[in-house]
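Notes for the structure review
Spelled out from the first residue to the last, the chains are:
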Amino acid sequence: MIPVLFKADAISFGSFGIGALADCISCEVTEERNGAYELALKYPITGSLYKELKSERIIKAKPNDTSDAQAFRIYRITTPLNGIVSVYAQHISYDLANIAALLWSSESISPSLAMQRVFQNTATSHNFTCSTDCSGAKSFSVPKPQSVRACLGGTSGSMLDIWGGEFEWDNFQVIQHRNRGSSNGVVIEYGKNLTELEQDFDNTEIYTDLLPYAVY
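Residues numbered from 1 in each chain as written. Predicted model: local features only at pLDDT ≥ 70, side-chain atom pairs only at ≥ 80, totals over all residues. Heavy atoms only, no water.

**Digging into the overall build of the chain**
Of the regular secondary structure elements, the chain holds three helices and 14 strands. C-alpha atoms of the chain, sized along the principal axes, occupy 60 × 45 × 30 Å. Relative to its full complement of 216 residues, the chain shows a buried share of 36%. Pairs at least 24 apart in sequence give 54% of the contacts found in the chain among residues at least 6 apart. (Helix = DSSP H or I, 4+ residues; strand = E, 2+ residues; numbered from the N terminus. Buried < 20%, exposed > 50% of the residue type's maximum accessible area, 1.4 Å probe, protein only. Contact = heavy atoms within 4.5 Å.)

Quick look at the structure:
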């Protein structure tokens, strides 16, 4: 499909938004298991929507042949090189990194109730929903103010750390599966079916708000 550009505050992506990015040269989506989920797009400065490409705006694109189209928020636009700019965007679920989860704890709680409580007990309102097919009551807490995304994974004591599983990010819906996909018995080996290996580091974290708290 042709990627479509939307305004930064869009929450519905059934229309053509600002317009279709029909002039784009390439559009590639990369998703890692419980990791990065990003879009990279190359667009000519002669394209009809070049001036509409702005930070925080949203690009809707299909990540693969079987998934529904997903929303990606622009976080970086390069300086034009040979008349072409590179646009980088993160999946809309990264917005959860800017939503603060408030403190609470439970000695025994199911993963479904824990996830719902994390999403409901936030400092600001949001449009995200959640579900999980993981089971087994365990101790879980939000011991200090942190982002909802940090509560889900990537930190000690997170949902992923305690219950495991694999996340599926479907626009504003977050799904924690016990297993996502299936094993086909394929092993990736360097020199056989892996021909290249690259490591890239990009520090894009910028803090714009503070949430003070006190412990008595």
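**Description of unusual backbone geometry**
Residue Asn-82 is not a glycine yet carries a positive backbone phi of 55 degrees. If you trace the backbone, Asn-82 turns up in the loop between β6 (70-77) and β7 (84-91).

**Side note on the nonpolar core**
Within the largest apolar cluster, 46 residues are counted, with the highest numbers of intra-cluster contacts made by Val-118, Phe-119, Phe-140 and Leu-152. Beyond its immediate chain neighbours, meaning those up to four positions away, Phe-119 contacts Leu-96, His-126, Phe-128, Thr-129, Cys-130, Val-148, Leu-152 and Val-174. (Core = buried A, V, L, I, M, F, W, Y, C linked by side-chain atoms within 4.5 Å.)

**Things to note about the pattern of salt bridges**
Overall, the coordinates contain five salt bridges when judged by the stated rule. Two residues, Glu-52 and Arg-57, come together in a salt bridge whose shortest N-O distance is 2.6 Å. By relative accessible area, Arg-57 is classed as buried at 15%. Here Asp-133 makes a salt bridge to Arg-178, at a shortest N to O gap of 4.0 Å. Of this pair, Asp-133 sits in the loop between β10 (129-132) and β11 (138-142) while Arg-178 sits in the segment after β14 (173-177), and the two are 45 residues apart along the sequence. Judged by relative accessible area, Asp-133 falls into the partly exposed class, the value being 33%. (Salt bridge = Lys/Arg side-chain N within 4 Å of Asp/Glu carboxyl O.)

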